[in-house]
Amino acid sequence: MPGHSASFKSENAPKHQRRDPYEVLGVSRNSSDQEIKSAYRKMALRYHPDKNANNPEAADTFKEVTFSYNILSDPDKRRQYDTAGFEAIESESQELELDLSSLGAVNTMFAAIFSKLGVPIKTTVSATLLEEALNGTVNIRQLELGQPVIKKVEKQCAHFYSVTITEREALAGLVCRVTSSDKSKFKLLYFEPEETGGLSLALQEDGAKTGKVTSAGMYFLRFPVYRLDQTANAILAAKDPDAAFFKKLDGFQPCEITELKAGKHVFAVYGDNFFKSASYIIEVVCAEPFPEEKEKLREVETQILSKRAELSKFEVEYREVYHRSHVLAQFTEMTARYAREMQEIDELLKERDSIHSSYTAAPSLKRSSSSSRIRAPSLKESEGEEGDPAKESKPSFKDRPKKKKWFNLHLKVDKRKAC
């Protein structure tokens, strides 16, 4: 899955005639998203700069492979290319994924500065890590259902977890969520077993900030569940806020995998920060105790899909009235509708986030998405490298012994000495 959107232009992209993206990735025009993604990852791993430090041809191939994938992985760009070729795509603004582990110190610093300024940087998982997973040399920890684990992962490193589920749990559905209380950047990854005994990356979700919490989740509920990628929209918002509003839900696309089979499944948390480690809480729960949440999620996402279709029609009407702004009554009415649509979309997305965060086994959290704001366990409250129990809480203000105020103290003054 594509992660954070990048704003770096492919300045060094070759100016000669480009090859067909399908040809570059070795896939057919009717290939599925998963087939395209699988072909890209295999080629990217083969030609990655980490493995071809002194091979300029491999570097060019890596850029070409990445460029092709950026077209075919985006539904709109793929449709435009299939219709009118490269002319329908702004080739100069194509984005490249950055592997932070392959950047030098100076380049990493510049990338971090852009990220701090609010420019979303698209990053990819380190090729070295993917190769280790493919070779089966990564350390995998056992994770029990409903037992949150608190950890801290270093930058460009990953913690792997295996979860074993029964047939009944597989039929009920599975949810894996990772949260962080700070501004950490991380990716939640799901790996599939290879015949060789290794693991290949199948799904990827980038942590997204919702309020004061950064979270990422994967929902295998045996019906189409959607993910929302707003990174491209974030860049568009700086250029044309109206266009960004009308395309806000374009990144609302179905996940590639909707259900898991009984057996062992492997997830990983990847540290995606430029310089520092990422503290996180990971929890995997069976969806059986959450029947209301499943129905509400299906209902809310259906409403979001309907709203996406409405926005497409509304944009045409809005543009027409906008250019006839001298008709004050129509312009005022359309502006008011614009504000209402924006509010309704925000409320739907907030409700969806609330449903997502209700998938937890923590007894202190209410599972109803219609309840008050849900509070996740604080990393500071339960800090521990190996998930140790939380430290004893400090006494409350009321429990603390009252201190006498200075003006109530009986001071003895020695009159023989100056005060």
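Heads up: these notes are all about the structure in this document. (Residues numbered from 1 in each chain as written. Predicted model: local features only at pLDDT ≥ 70, side-chain atom pairs only at ≥ 80, totals over all residues. Heavy atoms only, no water.)

**Considering the sheet that holds strand β8 (residues 213–220)**
In step 1: In spatial order, the strands read β2-β12-β4-β8-β7; together these 5 strands make up an open sheet with antiparallel pairing. The open sheet has two free edges, formed respectively by β2 (149–153) and β7 (208–210), since each of these has just one partner strand. Adjacent strand axes in the sheet meet at a mean angle of 35 degrees when their direction is disregarded.
In step 2: Here strand β4 (residues 174–180) runs beside strand β12 (residues 278–286); their pairing, made up of 6 bridges, is antiparallel. Bridging across to β12, Arg177 finds its partner in Glu283. (Pairing = 2+ DSSP bridges. Helix = DSSP H or I, 4+ residues; strand = E, 2+ residues; numbered from the N terminus. Axes fitted to C-alpha atoms, helices over the stretch in contact; angles between N-to-C directions.)

**Here we look at the sheet that holds strand β6 (residues 199–206)**
In step 1: Here 5 strands make up an open sheet; going across it, the order is β1-β3-β11-β5-β6 and the pairing mixed. Strands at the two margins of the open sheet, each flanked by one partner only, are β1 (140–142) and β6. Averaged over all adjacent pairs, the angle separating strand axes in this sheet is 30 degrees, with direction ignored.
In step 2: Pairing geometry for strand β3 (residues 158–165) and strand β11 (residues 263–271), over 8 bridges, is antiparallel. Following the sheet pairing, Ser162 is matched in β11 by Val266.

**Points about unusual backbone geometry**
In step 1: For Gln156, which is not a glycine, the phi torsion comes out positive at approximately 60 degrees.
In step 2: Position of Gln156 among the secondary structure elements: in the loop between β2 and β3.
In step 3: You can call Gln156 buried: its relative accessible area is 16%.
In step 4: Its identity as a non-glycine residue notwithstanding, Arg222 has a phi of 65 degrees, on the positive side. (Buried < 20%, exposed > 50% of the residue type's maximum accessible area, 1.4 Å probe, protein only.)

**Here we look at the pattern of salt bridges**
Side-chain pairing between opposite charges can occur once the charged atoms of the two side chains come close.
In step 1: Scanning the model with the defined rule gives 19 salt bridges in all.
In step 2: Residue Glu315 pairs with Arg319 through a salt bridge whose shortest N-O separation is 3.6 Å. With Glu315 and Arg319 both in helix α10 (residues 291–322) and 4 residues apart, the pair spans about one turn of that helix.
In step 3: For Glu315, a relative accessible area of 21% gives the class partly exposed.
In step 4: Owing to a relative accessible area of 26%, Arg319 belongs among the partly exposed residues under this scheme.
In step 5: Of the charged contacts in the structure, one is a salt bridge between Arg337 and Glu341, with a shortest N-O distance of 3.6 Å. Placement of the pair is Arg337 and Glu341 together in helix α11 (residues 328–357), with a separation of 4 residues, close to one helical turn.
In step 6: Take Arg337: its relative accessible area is 23%, and that puts it in the partly exposed class. (Salt bridge = Lys/Arg side-chain N within 4 Å of Asp/Glu carboxyl O.)

**What to know about the pairing of β6**
In step 1: With 8 of 8 residues buried, β6 lies mostly within the body of the structure.
In step 2: Here strand β5 (residues 186–193) pairs with β6 via 7 bridges, running antiparallel. Across the sheet, residue Tyr190 finds its bridge partner in β6, namely Leu203.
In step 3: Where β5 folds back on β6, the antiparallel hairpin that results is connected by 5 residues, among which Gly197 adopts a positive phi of roughly 100 degrees.

**Re the nonpolar core**
In step 1: Within the largest apolar cluster, 27 residues are counted, with the highest numbers of intra-cluster contacts made by Leu221, Phe245, Phe246, Ile304, Leu311, Phe314 and Tyr359.
In step 2: Put simply, the parts of the chain that give this core at least two residues each are α9 (241–246), α10 and α11.
In step 3: With 7 residues, the single largest contributor to this core is α10.
In step 4: Ile304 has contacts with Leu249, Phe252, Leu348, Leu349 and Arg352, leaving out every residue within four places of it along the chain. (Core = buried A, V, L, I, M, F, W, Y, C linked by side-chain atoms within 4.5 Å. Contact = heavy atoms within 4.5 Å.)

So, to be careful, I would describe these as geometric facts and stop short of saying anything about function.
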